[in-house]
Amino acid sequence: MSLLVVGTVAFDSIKTPFGSVEKVIGGAATYISWAATFYYRNVKLVSVIGDDWPETEIHHLRARGVDTEGLQIRKGQKSFFWEGKYNNDMNSRDTLATDLNVLADFDPILPESYKKSRYVMLGNLTPDIQLRVLEQLTARPKLIVMDTMNYWMDVAMPSLKKVLSKVDLLTINDDEARQLSGEHSLVKAANAILKMGPSYLVIKKGEHGALLFYRNSIFFAPALPLQDVVDPTGAGDTFAGGFIGYLAQSDNIQYNYMKRAMIYGSAMASLCVEEFSLQKIQTLTHDEIVDRLNEFVKLTKFNIKLNYDSNDDE
Ligand code: AMP
């Protein structure tokens, strides 16, 4: 059994009201793989980098049990580069640069040992590349999760819809859900998106938490109110890594497990944003995760009488 992760492995330059960092490690697949390994150690990475990406970082990934046989390293070429600037509310950001570099002509080749992966996480990436990965699988995975973003909706909507028709769960943010569905109400947007293929939909709302839609049910996972959000980059990917890592560990995708996975994912994301890049995730301890999960339990735990009687107020 394994968890296949495809996505960008990148350099990022990030500006937030707390400061800025240049050419730090990033990429959707980097965040996903790191977060997933806290729950599930058999992660298989598919991506591409230039020979400028630090070798020590590849060793770090391997030390966490990530199989990097599917990570192509292109000699003399540059890794994917993304530059973003967050606005003061930290909920919105402007992309200042997206240099595809090695990603421009990336053809993902799945090593033989990857082809029967039971769990697949299609991180944010060109939809055609996500499709190429699915085409090479020789057995239907138990769960395929897909992440995407507005950028691909703008430039590759037909391919994006094709991938969507083949996956079980989509994660996107609220603006993207509105763009994809053409609906303003998130409930209507979710209903429309669930007709496009996936059985489950996760709508991420940044500091306002995340919603899981399945048939007629909706589950809400709050985001933990934090004193300081230093850098929201990778929060969505870290959520996805924690989410699917927990499901792979449990090997159970029933709705109850999905709901729990929402909390595991949210806890990981809340830790990720406390420092720039992957600094927090790379130094995280098991105790810190348990403490954070406890904070989520405390945040949402309450007693209520369902057969409300007005005399109780007196
Ligand atoms: P998130 O904050 O969860 O959206 O993820 C941010 C990460 O996604 C950064 O580390 C970037 O390197 C990567 N990224 C940014 N733009 C793209 C894109 N168009 N396609 C794939 N990955 C991207």
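Scroll up to find the structure.
Every value quoted in this text rests on a predicted model; they were computed, and no experiment measured them. (Residues numbered from 1 in each chain as written. Predicted model: local features only at pLDDT ≥ 70, side-chain atom pairs only at ≥ 80, totals over all residues. Heavy atoms only, no water.)

> Report on the packing of helix H1 (residues 28-36) against helix H7 (residues 235-250), specifying residues and quantitative values.
It is the contact of H1 with H7, at a shortest axis distance of 7 Å, that shows an interaxial angle of 40°. As judged from the angle between their axes, H1 and H7 are oblique. Read as a crossing pair, H1 and H7 show a hand that is right-handed. Taking contact as the criterion, the partners of Ala28, Tyr31, Ile32, Ala35 and Ala36 in H1 are, on H7, Asp237, Thr238, Gly241, Gly242 and Gly245. Its residues assigned to classes, the contact of H1 with H7 comprises 5 nonpolar, 4 polar and 1 charged. (Axes fitted to C-alpha atoms, helices over the stretch in contact; angles between N-to-C directions. Helix = DSSP H or I, 4+ residues; strand = E, 2+ residues; numbered from the N terminus. Parallel < 35°, antiparallel > 145°, perpendicular 65-115°, else oblique. Left-handed = near helix turned anticlockwise from the far one by under 90°. Contact = heavy atoms within 4.5 Å. Nonpolar A, V, L, I, M, F, W, Y, C, P; charged D, E, K, R; others polar.)

> Could you give me a rundown of the sheet that holds strand S3 (residues 19-26), with the residues and numbers involved?
Each strand in a sheet pairs with its neighbour through backbone hydrogen bonds, running either in the same direction (parallel) or in the opposite one (antiparallel). Ordered in space as S3-S2-S6-S7, the 4 strands form an open sheet in which the pairing is mixed. Lying at the two open borders of the sheet, with one neighbouring strand each, are S3 and strand S7 (93-99). Taken pair by pair, the neighbouring strands of this sheet meet at an average axis angle of 15°, ignoring direction. Both strand S6 (residues 80-86) and S7 contribute to a ladder of 6 bridges, which runs antiparallel. By the bridge assignment, Lys85 is partnered in S7 with Asp94. (Pairing = 2+ DSSP bridges.)

> Tell me about helix H10 (residues 286-300), residues and numbers included.
Working note: α-helix, 3.6 residues per turn, so residues spaced by three or four point in the same direction. Across its 15 residues, H10 extends 22 Å between first and last C-alpha, which sits within 8% of the 21 Å expected from 1.5 Å per residue. Next to the buried residues of H10 lie helix H8 (255-272). (Expected span 1.5 Å × (residues − 1).)

> Please give an account of the packing of aromatic side chains that cites residues and values.
A full pass over the atoms with the stated rule returns 7 aromatic pairs. Arranged with centres 6.5 Å apart and planes meeting at 20°, the rings of Tyr246 and Tyr257 form a pair that is stacked. A residue pair is termed long-range when its members are at least 10 positions apart, and Tyr246 in helix H7 and Tyr257 in helix H8 qualify at 11 residues. Of the aromatic side chains, those joined through ring pairs into one cluster are Tyr39, Tyr246, Tyr257 and Tyr264. Over the ring of Phe11 we find Lys23, and its NZ or CZ is 4.5 Å from the ring centre. Above the face of the Tyr257 ring, Arg260 is positioned so that its terminal group lies 4.9 Å from the ring centre. (Phe/Tyr/Trp six-rings, centres within 6.5 Å; stacked < 30°, edge-to-face > 60°. Lys NZ or Arg CZ within 6 Å of the ring centre and 35° of its normal.)

> Summarise the nonpolar core; cite the residues concerned and give the values.
Among the nonpolar cores identified, the biggest contains 61 residues, and Leu3 and Met258 are the most heavily contacted of them. If sequence neighbours within four positions are ignored, Leu3 has contacts with Ala36, Tyr40, Asn42, Val43, Lys44, Tyr119, Val120, Met121, Ile244 and Gly245. In terms of nonpolar packing, the next biggest core, distinct from the first, is built from 49 residues, Val6, Ile14, Ile129 and Leu180 among them. (Core = buried A, V, L, I, M, F, W, Y, C linked by side-chain atoms within 4.5 Å. Buried < 20%, exposed > 50% of the residue type's maximum accessible area, 1.4 Å probe, protein only.)

> With reference to specific residues and values, describe the site of the ligand.
Near the ligand, the surroundings consist of 19 residues, among which Asp12, Gly27, Arg93, Gly234 and Asp237 are the closest. At 2.7 Å from an oxygen atom of the ligand is found a main-chain nitrogen or oxygen belonging to Gly27. Between an oxygen atom of the ligand and a side-chain N or O atom of Arg93, the distance comes to 2.9 Å. Protein chains bury 93% of the 510 Å² of accessible surface belonging to the ligand in isolation. Listed by contribution, the elements that provide at least two residues to the shell around the ligand are strand S2 (10-16), H1, S6, helix H4 (150-164) and H7. (Near = heavy atom within 4 Å. Polar contact = N/O pair within 3.5 Å; in protein donor to acceptor, adjacent residues only side chain to side chain. Areas by Shrake-Rupley, 256 points an atom, 1.4 Å probe, with all protein chains shown as cover.)

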